[in-house]
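# Understanding the architecture of this molecule
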Amino acid sequence: MRWLVTGGAGYIGAHVVNALGASGIESIVVDDLSTGRVARLPIGVPLVRADVRDSAGMREIFRRHQPHGVIHLAARKDVAESNAYPLRYYQDNLDGLRAVLDAAARSGTRSVLFSSSAAVYGTPRRSPVREQDPTAPENAYGRTKLVGEWMLRDAAASGGFRWAALRYFNVAGAAKPHLRDHGGTNLVPRLLRAAALGIPATVYGTDYPTPDGTAVRDYVHVADIADAHVRAALALHRGELRDEILNIGRGEGASVLQMIAAVSRALGRGLPYDAAPRRPGDPAAVVASPARILACLGWRARYGLDAIVRSAAGDSQEAVAQAA
């Protein structure tokens, strides 16, 4: 079985590629390396350097490699940037998905697995939030993911392929040191970078309607995310999934201050912080109900909050080196 993975040299994508290989599934990575790193990829995994928005190029890649399925992760994902440059997000996230879906349909690819996001929910009316609950994204990034789900559903109806959309909650941690998240926007790397530089962390918003006033999110280990992809890919290939949207989360929320405390425990020293105003488009609290993915795939998160943070940090000296 052979799967094409777009964005496979990125933080989440490389974890997925490694997990596929560990399960005996062949993968081909398509990545423009704008944020991806070749060093994350296992030896022997083919890398095609390409822009997923290039329709003709994607058709040729699918024609040449004839994958049984595609996992589409390539996308921009910075909430604040999406609000500042919304058209860039609509172009990159939706034009890329459209080109991939067109190539998949033309080549007869039977399965598409789409990287979606909890950002489609906005501020949920209930907690934990379920897949059938209303969607009301509060930023341009979340809106591109919701439109992407609609596009996927419509393309599958005409193209005749099976599909699933995985709504990630807040991904953190690392399965191996060289796979760590080096991005500047996710919370855990930001906290580790502040610790490395010896400066206070910045907490955006301390007046949310949450127990300690800071935003609450459902943090899930990236290795658990990768495991969910493998399970979903296998279920699509076997026809056990056909048209499904699934949350991937632990079902437990943690506030920003709780995450600062977890980082302090991992590093063995306190991490001071400064309060800043809320960022536009940041909901107060978003926590997953993982009941459906448990029922469909038998998946549940294996790692708790401290294990997630420790895996991102390593020992304190290594964490400082990685975050600097």
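Below is a short write-up of the structure. (Residues numbered from 1 in each chain as written. Predicted model: local features only at pLDDT ≥ 70, side-chain atom pairs only at ≥ 80, totals over all residues. Heavy atoms only, no water.)

## What about the pairing of strand β1 (residues 2–6)?
- The buried fraction of β1 amounts to four of the five residues, a majority that puts the element mostly inside the structure.
- Two elements, β1 and strand β2 (residues 26–31), share five bridges in a ladder whose sense is parallel. Of the residues in β2, the one forming a bridge with L4 is I28.
- The β-α-β motif built from β1, the intervening helix α1 (residues 11–22) and the parallel element β2 has right-handed crossover chirality.
- Where β1 lies against strand β4 (residues 69–72), four bridges are found, and the strand directions are parallel. Within β4, the residue paired with T6 across the bridge is H72. (Buried < 20%, exposed > 50% of the residue type's maximum accessible area, 1.4 Å probe, protein only. Helix = DSSP H or I, 4+ residues; strand = E, 2+ residues; numbered from the N terminus. Pairing = 2+ DSSP bridges. Right-handed = clockwise from strand over helix to strand, strands pointing away.)

## Regarding the environment of S116
- With respect to the element layout, S116 can be found in strand β5 (residues 111–117).
- Owing to a relative accessible area of 1%, S116 belongs among the buried residues under this scheme.
- When the C-alpha atoms of S116 and P177 are compared, they prove to be 25 Å apart, with 61 residues separating the residues in sequence.
- The residues contacting S116, other than those within four sequence positions of it, are K145, E149, A165, L166, R167 and Y168.
- In terms of polar contacts, S116 uses its side chain to reach the side chain of E149, at 2.6 Å. (Contact = heavy atoms within 4.5 Å. Polar contact = N/O pair within 3.5 Å; in protein donor to acceptor, adjacent residues only side chain to side chain.)

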